[in-house]
Structures are given as C-alpha cells and as structure tokens.
Protein chains: 2
Amino acid sequence: MPSASPRHRSSPEHADPGDVTLHAALAALADPVRRRLIRELAAAEDWARACGTFDLPVGKAARSHHFAVLRSAGLLEQRDSGAKRLNRLRRPEFDARFPGLLDLVLAEKDGEEDPGAEPAPGGRDR
Amino acid sequence: MPSASPRHRSSPEHADPGDVTLHAALAALADPVRRRLIRELAAAEDWARACGTFDLPVGKAARSHHFAVLRSAGLLEQRDSGAKRLNRLRRPEFDARFPGLLDLVLAEKDGEEDPGAEPAPGGRDR
DNA sequence: ACGGCTGTTCGATCTGCATCGAACATCTTA
DNA sequence: TAAGATGTTCGATGCAGATCGAACAGCCGT
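Once that is clear, we can look at the side chain of A:Arg63. All names here are of chain A. You can see Arg 63 is positioned in helix H3 (residues 60-72). No salt bridge is formed by the buried Arg 63. Its closest oppositely charged neighbour is Asp 55, at 6.7 Å. Setting aside residues up to four positions removed in sequence, Arg 63 forms contacts with Cys 51, Gly 52, Phe 54, Leu 56 and Val 58.

This is the structure:
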C-alpha cells in the first residue's frame, strides 16, 4: 500500500505563518526563482505538485534550498507522500499575515522577474 | 539668497514609479535599513527631512547608496535645496503600482527588522 | 533484492551588495 | 574668502546567499 504517512524522512519543519517576520517574507520573495515557483504552485491545486515537477532554471540542490526558504517564510506547506514531497501554497494564512503581498507576486508576469535577465557569460547560471 | 533651484549638483535621477519592476521594489524593501528609513520618512511631512537627518546605523556613504536604491525603486523623490537634499515619500504613486506593499512596511514595528539582530562581533557594523 | 526515482545535505565556489574611509563637490555662514 | 556642513563617488573589504556536483537516504517498482 502507498504509505500515507512516512515518518522516516524527517518531516519538514514548518514556520507558523503568524510568527513570520516581514523581513523573512520579503527576503524570500526577493528571489526570482522563488517567485516563479510560487506562481507555478498557485496555478495548481493543493497537494498536486511534487518538488521535482516545477520548471525552474536550477539544479535540485538549489531547488531544495528554495523550498526550505519558502517553508520557513510561511509561504508553503509540504507533505510527504511516498518518495515525493507534495506542496501546497499557504494562501489564506499568508494573506492574513501580509495582506496584498502574495497578490503582487501572483500578478507578476512570467519572464518579468528581471534581475539583469541576461544569461551573464561568466555568471553562475544554468 | 537661498537658491531655490541649484542645478550644479547633478539633480537625482528618478524612476517612473509606473515602470518599476516588482523585483526592484522587493529587493529595495528587503533591506532593514531601508525599511527603517522609509518608516521614518513616512512619519514626517513631505520635503521636511534632509538625508542626513535620519537615524540610521550606517555611515553617510551607505546612506547615500540606500537613497539611490529607494529612488530607483520609485519609493521616494528628492529635491535639492541649498546644500541639503530633501525627501518625500512617493506614497500615492507607489501604492498605485504595488497596492498594500508600502502599508506592510509602515506597519512593521521599529526594532523588528530582524536579520540576526545581534551586533555580530567581527561583522561590518556600526 | 536490486536499481531507479525523489529529495536532502555537504563542501566548495562565485557573485552581489552593504559597508567603510577618504577624497571631492557644492552650498552656506562667518 | 575661509571654514563648515551636506551629499556623492571611488576603491577596497567582508559576508550572505545562490548555485553546483557528489554523496547519501527513503520509497517504489520489477
């Protein structure tokens, strides 16, 4: 049977959205990759997407890092389901804590994330 | 006579708040010093405060840098008046472009800016 | 049991940026 | 005109964090 609650992999630590500082929220959302992730997640149903199913221009190490940051910013919730880790955007909780902020991110058009935009020849990229 | 419009010092370049990217806004506000500056500015009347009159934990070089960042994020407007450079928070413009964002910053309590908070012994500080 | 998939963690690297001190420019006041 | 005040710019420094590759750890098929 597909184990519904595997306690083997240390289950992810979630921040209480009510306790998240404004700085944590802004710092988390100041990254283009994370905003893109959020937007993609918002377009799906809760618990529909596993971490690996996101279209991001970074390797899985960085990806895992980004998920951790978003988690501790109270922006998303994760639940293990077998080998996969499913995600849910904590929209109502986050909206209650920081009204309007998430809306701004979701309103941003894809490809408008900005930071230089250019691939940057010598830059760490991918 | 107190020169009303000195064109000697290259007058500051202002970004059109309507053209500011979300990234620029978030990146600008992701800094505790800048948020504090914004809050202090919001508490005063327009054009009432010169750059040097803000209570910030940084030297004037960094201070000047922060003002430049906020300017190009469409958050404030500057006008030269003699040797002083007066400031005004672009509240209506910024609110129109990013509804709710500025309110979040202004709602943040002083001393709650966060990032580590500790003076950091070896850290570049002041 | 084995091999493939999914994610996390570790150590290293590299870049951006916040900061400083010092030099400079401009305006004001003595 | 000389001195002081206000800001900006420059070059250097240091740290935080974004990224990678590789190693590791559960889970799931065959």
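What follows picks up the thread again.
The strands making up a sheet associate through backbone hydrogen bonding, with each pair oriented either parallel or antiparallel. Residue and element names in this part refer to chain B. The 3 strands are arranged E1-E3-E2 in an open sheet whose pairing can be described as antiparallel. At either end of the open sheet lies a strand with only one pairing partner, and these are strand E1 (49-50) and strand E2 (76-81). Relative to strand E3 (residues 84-89), E1 runs antiparallel, the two being bridged by 2 bridges. The partner of Arg 49 across the bridge, within E3, is Asn 87.

Residue and element names in this part refer to chain A. One open sheet holds the 3 strands; their spatial order is E1-E3-E2, and the pairing between them is antiparallel. Of all strands in the sheet, those with a lone pairing partner are strand E1 (49-50) and strand E2 (76-81), marking the two edges. Contacting E1, E2 and strand E3 (84-89), helix H2 (residues 32-42) runs over the sheet at an angle of about 85° to E3. Against the sheet, H3 engages E2 and E3, with an angle of about 125° to E2.

On to the interface of chain A and chain B, then. Residue-level contacts link 18 residues of chain A with 18 residues of chain B. For the pairing of chain A and chain B, the buried interface totals around 1500 Å² over both sides, and the portion due to carbon and sulfur atoms is 75%. Among the residues chain A hides against chain B, the three largest losses belong to A:His23, A:Leu26 and A:Leu104. Together they make up 41% of the total. Where chain A meets chain B, there are 0 salt bridges. Linking chain A with chain B are 4 residue pairs in polar contact (both at pLDDT 80 or more). For the side of chain A that touches chain B, the secondary structure elements donating two or more residues are helix H1 (22-29), H2 and helix H5 (101-107) of chain A. Take the side of chain A that touches chain B: its biggest share by element is 4 residues, from H1(A).

With that settled, consider the pattern of salt bridges. Within this structure, the stated rule accounts for 26 salt bridges over all chains. Residue A:Asp55 is joined to A:Arg36 by a salt bridge in which the shortest nitrogen-to-oxygen separation is 3.5 Å. On the criterion of sequence distance, the pair formed by A:Asp55 in the loop between E1 and H3 and A:Arg36 in helix H2 is long-range, its members being 19 residues apart. Its salt-bridge partner being B:Asp46, residue B:Arg88 comes within 3.3 Å of it at the nearest N-O pair. Taken together, the positions of B:Arg88 in strand E3 and B:Asp46 in the loop between helix H2 (32-42) and E1 put the pair 42 residues apart, joining distant regions of the chain. Because the salt bridges share partners, they merge into one network encompassing A:Arg35, A:Arg39, A:Glu108, A:Asp110 and A:Glu113.

One non-glycine residue, A:Trp47, adopts positive backbone phi at about 65°. By the element assignment, A:Trp47 lies in the loop between H2 and E1.

The next subject is the pairing of E2(B). Residue and element names in this part refer to chain B. What you see with E2 is a clean split: Leu 76, Gln 78 and Asp 80 sit on the buried side and Glu 77, Arg 79 and Ser 81 on the side with no burial. With 6 bridges connecting them, E2 and E3 associate as antiparallel partners. Bridge pairing in E3 links Gln 78 to Asn 87. Hairpin connection, E2 to E3: the antiparallel pair is bridged by 2 residues, and Gly 82 has positive phi, about 65°.

Our focus in this paragraph is the packing of H2(B) against helix H3 (residues 60-72) of chain B. All names here are of chain B. At a minimum axis distance of 10 Å, the contact between H2 and H3 shows a crossing angle of 75°. One element, H2, and the other, H3, form an angle in the roughly perpendicular class. Residues Val 33, Arg 34, Leu 37 and Ile 38 of H2 lie in contact with H3, whose contacting residues are His 65, His 66, Phe 67, Val 69 and Leu 70.

Analysis parameters
Residues numbered from 1 in each chain as written. Chains lettered and ligands numbered in written order. Predicted model: local features only at pLDDT ≥ 70, side-chain atom pairs only at ≥ 80, totals over all residues. Heavy atoms only, no water. Helix = DSSP H or I, 4+ residues; strand = E, 2+ residues; numbered from the N terminus. Buried < 20%, exposed > 50% of the residue type's maximum accessible area, 1.4 Å probe, protein only. Lys, Arg positive; Asp, Glu negative; His and termini not counted. Salt bridge = Lys/Arg side-chain N within 4 Å of Asp/Glu carboxyl O. Contact = heavy atoms within 4.5 Å. Pairing = 2+ DSSP bridges. Axes fitted to C-alpha atoms, helices over the stretch in contact; angles between N-to-C directions. Buried area = accessible area lost by both parts, 1.4 Å probe. Polar contact = N/O pair within 3.5 Å; in protein donor to acceptor, adjacent residues only side chain to side chain. Parallel < 35°, antiparallel > 145°, perpendicular 65-115°, else oblique.

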